[in-house]
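Working through the structure, step by step
One letter stands for each residue in the lines below.
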Amino acid sequence: MRGIAPVRGLAVTIAILAATIPQALAVDPVTLRSDKAFAPSNIVIGFVGGFVRHDNQHHGPVRLAQRIRPAFPKDTYVRVFENRHRKSAYDAVIRLLDINHDGILSAEEKARARIILFGQSWGASAAVLLARDLRHQGVPVLLTVQVDSVAKVWQNDSIIPDNVAEAVNFYQPHGIIHGRAKITAADPTKTEILGNYLTDYRKTPVQCPEASWFDRVFTPGHMESECDPRLWSQIENMVRQRLSPPDASPSTSAAVLPQP
């Protein structure tokens, strides 16, 4: 029985590779904020799943970044990374917070951090791991969002570190690849788990016309979580709510979540 978990992990890895390589080769350019140094009012970082390119417009995290970028001040940093480039995302956050460029984050520089992390599949796990990396530097995170989160065999995407103020998990339960059903807080007094929200796409299917044949046959639920417009609209509203000024209109910033 001890050999089942590694075998399952290998099977998931192979399935994700097969599901995402065809799409990764069909790349459309997307314009996101550049890496040039500036002092951002907000930092929003997303991660795509599988082996998908960070600029592939067919994928939910990239589309979300495109929608929220024009909605906030120009000094808001918005970027999507491939899940295997978590270190690059970490370096970008540290560089952006280090206003005086002395290589050390002061208490004041950490306190002004307003960071939201999100991702789908392996990208969702990468978002949690990036939050954990930032914890080692004492950097707070406003929100982590996981969509059908899948951890690689050496990762743990189920425990949210105590530097995260809020976390939410969306998942679907079917297929070779399906998301983690539950996340918990390392310290419930510091992190609020907003919910673990189940969507059953067998009951409420979503059309994904740009998906590959492999996705449609072998990972339909995982595919639908990635392109579900209702789901990503909810996430967009959550991001807007947490980054909008206090006097923002509730109609544009309030997020309505389903029942867990």
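Please refer to the structure higher up on the page.
A quick note: this is a predicted structure, and the numbers were derived from the prediction, not measured.

What follows concerns the nonpolar core. General note: in soluble globular proteins, nonpolar side chains tend to be found buried as a group. Core analysis: the biggest nonpolar cluster contains 31 residues, and Ile68, Val145, Val147, Val168, Phe170 and Ile235 have the highest contact counts within it. Of all the elements, helix α8 (residues 229-243) adds the most residues to this core, at six residues. Leave out the neighbours within four places in its chain, and isoleucine 235 touches Leu64, Val145, Val147 and Phe170. Counting residues in each nonpolar core, the second largest holds 28 residues, with Ala89, Tyr90, Ala126 and Leu130 among its members.

This part is about the packing of aromatic side chains. Aromatic rings considered in pairs are described by the distance between their centres and by the relative angle of their planes. Applying the stated rule across the entire model yields five aromatic pairs. Where phenylalanine 47 meets phenylalanine 81, the ring centres are 6.2 Å apart and the plane angle is 40 degrees; that geometry is what we call tilted. Pair noted here: phenylalanine 47 is in strand β1 (residues 42-48) and phenylalanine 81 is in strand β2 (residues 76-82), with a separation of 34 residues, a long-range link. Geometrically, the ring pair formed by tryptophan 213 and phenylalanine 214 is edge-to-face, given 5.8 Å between the ring centres and 70 degrees between the ring planes. Among the residues examined, tryptophan 213 registers a relative accessible area of 61% and is labelled exposed. With relative accessibility at 15%, the residue phenylalanine 214 sits in the buried group. Through a chain of ring-to-ring contacts, three or more aromatic side chains come together here, namely Trp213, Phe214 and Phe218.

Our focus in this paragraph is the side chain of asparagine 163. Within the secondary structure layout, asparagine 163 lies in the loop between β5 (159-160) and β6 (164-171). Looking at asparagine 163, its side chain comes within polar contact range of the main-chain oxygen of alanine 131, at 3.0 Å. Non-local contacts of asparagine 163, meaning those with residues more than four positions away in its chain, are made with Ala131, Leu134, Arg135, Val139, Pro140 and Val141.

This next bit is on the packing of helix α2 (residues 60-68) against α8. Remark: α2 packs on α8, axes separated minimally by 10 Å, with the N-to-C direction vectors making an angle of 45 degrees. Relative to α8, the element α2 lies oblique. Between α2 and α8 lies a crossing whose hand is right-handed. For the pair α2 and α8, contact is made by Gly60, Pro61, Leu64, Arg67 and Ile68 and by Trp232, Ser233, Ile235, Glu236, Val239 and Arg240, respectively. Here the residues of the contact of α2 with α8 sort into six nonpolar, two polar and three charged.

Rules used throughout
Position labels on residues start from 1 in each chain and follow its written sequence. Only residues with pLDDT of at least 70 are given local features in this predicted model, and only at 80 or more are side-chain atom pairs given and counted; all residues enter the totals for whole chains, interfaces and linings. Calculation of side-chain values draws on the structure's entire complement of heavy atoms; hydrogens and water are dropped beforehand. Buried residues of nine kinds, namely Ala, Val, Leu, Ile, Met, Phe, Trp, Tyr and Cys, make up a nonpolar core once their side-chain atoms join them within 4.5 Å. Exposed residues in this analysis have more than 50% of their type's maximum accessible area, buried residues have under 20%, and partly exposed residues fall in between, with area computed by a 1.4 Å probe over protein chains only. A run of H or I in DSSP becomes a helix once it reaches four residues, and a run of E becomes a strand once it reaches two; helices and strands are each numbered from the N terminus. Whether two residues are in contact is decided by their heavy atoms, any of which lying within 4.5 Å being enough. Side-chain rings of Phe, Tyr and Trp (the six-membered ring for Trp) are treated as a pair once their centres are within 6.5 Å; stacked means planes under 30 degrees apart, edge-to-face means over 60, and tilted covers the remaining angles. Within 3.5 Å is the distance limit for a polar contact, defined as a pair of N or O atoms, with the added protein rule that one can donate a hydrogen and the other accept it, and that residues adjacent in sequence qualify only through two side-chain atoms. In this analysis an axis means a line fitted to C-alpha atoms, helices contributing only their contacting stretch, and an angle means the value between N-to-C directions, from 0 to 180 degrees. Roughly parallel here means an angle under 35 degrees, roughly antiparallel means over 145, roughly perpendicular means 65 to 115, and every remaining angle is called oblique. When the near helix sits turned anticlockwise from the far one by under a right angle, the crossing is termed left-handed; a clockwise turn instead gives a right-handed crossing. Asp, Glu, Lys and Arg are counted as charged, while Ala, Val, Leu, Ile, Met, Phe, Trp, Tyr, Cys and Pro are counted as nonpolar; the rest, among them Gly, fall into the polar class.

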